[in-house]
Amino acid sequence: MRVLIVDDEKLARDRLRELLNDIGGYTVVGEAMNGAEAVERTGELNPDVLLMDIRMPGMDGLEAAMHLMGMENPPAVIFTTAYDQHALDAFDVNAVDYLLKPIRKDRLAKALSKAHKLTMKQITEINQARPEPAERTHISVHLRGNIRLVPVPDILFFLADSKYVVVRTPTEEHLIEDSLVNLEKEFGDRFLRIHRNALVATGYIKGIEKSPAGTWQISLKNLDKKLDVSRRHTAQVRRWARNRPMSA
Amino acid sequence: MEIADKTRPWIDRLKVYGRNLEQRLGRKMPSVETPPNGQSEFLPNFCAGEVVFNVVVVAEMLAIVINLIIPRNFISATPLQDLLLLSIFIQWVALAGTAVLCYTRKHLNRLPNLRALGMAYLLLLLTTFTVSECTILLLWAVGRLRTPFPEWYTSFHILNLTISAIINGLLLRLFLAKHELQSRTLSEARARLQALQSRIRPHFVFNSMNIIASLTRSAPEKAEAAIEDMADLFRMMLSQDETLVPVKNEIDVANKYLALEALRLDNRLIVNWDVGKFPRKAVMPVLTLQPLLENAIRYGIEELPAGGTIDVRLWEDNDQIHIQVSNPLPKTKSKQAKSTPGQSLGNIRQRFQSHYGEQATLTSTEDNSRFTVTVVLPTRGGNP
């Protein structure tokens, strides 16, 4: 069985490696230091199971698992944690495997022998159970069976297009299967609804101007494109413009 | 007999309610007494088996006392029959009152304390009146009374309400006092636990143990040193809050803590020390420096994939110890960091307050993606 070890602490990774060596029958195909790396490595190395710490800088283990579940053939995930009371209660409720640090060899062997794939539902419920339900740091985009992570701070806008949502960064454009309603709920403090089909990152708004046709348009930093503000959202956009911090 | 039949479903319902509550009590003691916001409720839980039992006992005692003082042949032929009828009536009043409070408690507890108490009291009197009225109507309905307004109608109500006012007042007072005592003990215990947990952060402890387990194989000497550091650190964490220690000792402890964190965070943690000259008598409360460093690591270094540098400056000036700890901050705050570093400083600030009163200050600033905490303490410990 091919194992990917994910932990931000080197000695914690070493320990897992040694324990796996002791147990035998498992190959460590690689290591990752945070959630984003874990998602990348999983795409490259195609492991059967991930041993993944929950608390990591940047992207944490739960979010990484969320992105992984979107893969065509996701690996099994066993979480490791030192102490994470709220998450652990939710893990028990949703029958998700986890190991408590310091990790014991017999527990590790048992967890690996019955390692199974997570479902999106399990992960979402665990996330909801946390004191502050997390918003994703990245959006995962599927490219020919592979996962690409787009950091949320890089995103200029989301544009709904019949079945898909277009994710636009200064340099790239991707399609994701999500709804603007969900995205707005999750990233509402970072994005502004300007149209039934558009959410714009407030940090990238350069100005609001009137088009020759008399409607309002938003111009963006880093991209030469104007987005229409619908009549229904004009009041909301103008309210935002009045309250925006001076530095922006 | 009809009265008894009427009361049975009530009692059954109460029993079921009590049983459910007992189950909940057995599983999670604090959750019953305390709502999620951590504030203790004013009115106790009247559906609890213990309270219901007490109510029944007191009501029965009242029935016996009344039975002893009323003239014979006043209600019925034999004293035993008197007692039976009195018991049924009083139990009915008592249990109905308990049930009313049980169901309205949630709403009453939203009111200010005094008004909640007043409302509860009025509800009990209203219950007494209603039950008395029902009794008369029932007797009339079964043909034992010729009219729903017998000549003793007014005196019956006045008597019942007076007795009810006295007994209910006493009982409410009793239950409230007991409830207050319970919730105070509970909140004290919780505060103690919280204080201990804020000192010994479980996340740090278990991660460190995992690291030590890893080191026992690869580098036994390092593991040995780590265990020694941890022992010293724990000794400090378990010591009395009031202990004042020389500045040098505090720096030693902080270094032991940093050695452990360095094992964990590897090359992600760099600490720059800048320690000025201190008179030998300069003291500070035990574990003043370590929590500041822990804060810097938790909200700074741990959240940065590449780590960063913590700057620690200590100097003495004008009979005051100045401590300044600054750490880098992650650009986009991740989920755990949402509770900003400023919030977790509350505990530390509280400790200084209890030690020094207004003589100590703790300020924090955030600029250029660095977070800086500055603490100023009187050099000689000061007097709280």
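Residues numbered from 1 in each chain as written. Chains lettered and ligands numbered in written order. Predicted model: local features only at pLDDT ≥ 70, side-chain atom pairs only at ≥ 80, totals over all residues.

**Quick notes on the confidence of the model for chain B**
Do not read the fine detail of predicted coordinates wherever pLDDT is low.
Residues and elements named next belong to chain B.
Okay, so step 1: Model confidence for chain B is summarised by a mean pLDDT of 82, while 84% of its residues fall at 70 or above.
Okay, so step 2: Strand β2 (residues 269-275) holds the highest mean pLDDT among the elements of chain B, 95, whereas helix α2 (residues 29-33) holds the lowest, 37.
Okay, so step 3: Below pLDDT 50 for its whole length, residues 21-39 participates in 15 contacts with residues either more than four positions away or in separate chains.
Okay, so step 4: Low pLDDT (under 50) marks residues 334-338, which in the prediction has 13 contacts with non-local residues, meaning those over four places away or in another chain.
Okay, so step 5: Predicted complex metrics record ipTM = 0.79 and pTM = 0.67. (pLDDT = per-residue confidence, 0-100. Helix = DSSP H or I, 4+ residues; strand = E, 2+ residues; numbered from the N terminus. Contact = placed C-beta atoms within 7 Å.)

**Topic: the packing of helix α1 (residues 10-23) of chain A against helix α7 (residues 202-218) of chain B**
Okay, so step 1: Packing of α1(A) against α7(B) brings their axes to within 8 Å, and their N-to-C directions diverge by 60 degrees. In terms of orientation, α1(A) lies oblique with respect to α7(B). Crossing angle aside, the handedness with which α1(A) passes α7(B) is left-handed. Note on element contacts: α7(B) touches α1(A) through B:Asn210, B:Ile211, B:Ala213, B:Ser214, B:Leu215, B:Arg217 and B:Ser218, opposite A:Leu11, A:Ala12, A:Asp14, A:Arg15 and A:Glu18. (Axes fitted to C-alpha atoms, helices over the stretch in contact; angles between N-to-C directions. Parallel < 35°, antiparallel > 145°, perpendicular 65-115°, else oblique. Left-handed = near helix turned anticlockwise from the far one by under 90°.)

**Here we look at the nonpolar core**
Okay, so step 1: Among the nonpolar cores identified, the biggest contains 79 residues, and A:Val77 and B:Leu293 are the most heavily contacted of them.
Okay, so step 2: Top element by residues in this core is helix α9 (residues 247-265) of chain B. It accounts for eight residues.
Okay, so step 3: Those residues within four positions of A:Val77 in sequence are excluded, and the remaining contacts are A:Leu50, A:Met52, A:Ala65, A:Leu68 and A:Leu118.
Okay, so step 4: Formed by 23 residues, the second largest nonpolar core is a distinct cluster that contains B:Phe42, B:Ala63, B:Cys102 and B:Ile167. (Core = buried A, V, L, I, M, F, W, Y, C linked by C-beta atoms within 7 Å. Buried ≥ 20, exposed ≤ 12 C-beta atoms within 10 Å, placed from the backbone.)

**Remarks on the interface of chain B and chain A**
Okay, so step 1: The partner chain A presents 22 residues to the 24 residues of chain B that form the contact.
Okay, so step 2: Looking at which element gives the most residues to the side of chain B that touches chain A, the answer is α7(B), with twelve residues.
Okay, so step 3: Residues belonging to the side of chain B that touches chain A are distributed by class as follows: nine nonpolar, eight polar and seven charged. (Nonpolar A, V, L, I, M, F, W, Y, C, P; charged D, E, K, R; others polar.)

**Some thoughts on helix α5 (residues 105-113) of chain A**
Residue and element names in this part refer to chain A.
Okay, so step 1: Listed as buried for α5 are Leu108, Ala111 and Leu112. For α5, the buried positions fall inside an angular range of 100 degrees around the axis, keeping them on one side. Away from the buried face of α5 by more than 90 degrees, exposed residues Asp106 and Ser113 are located. (Arc of directions from axis to C-beta.)

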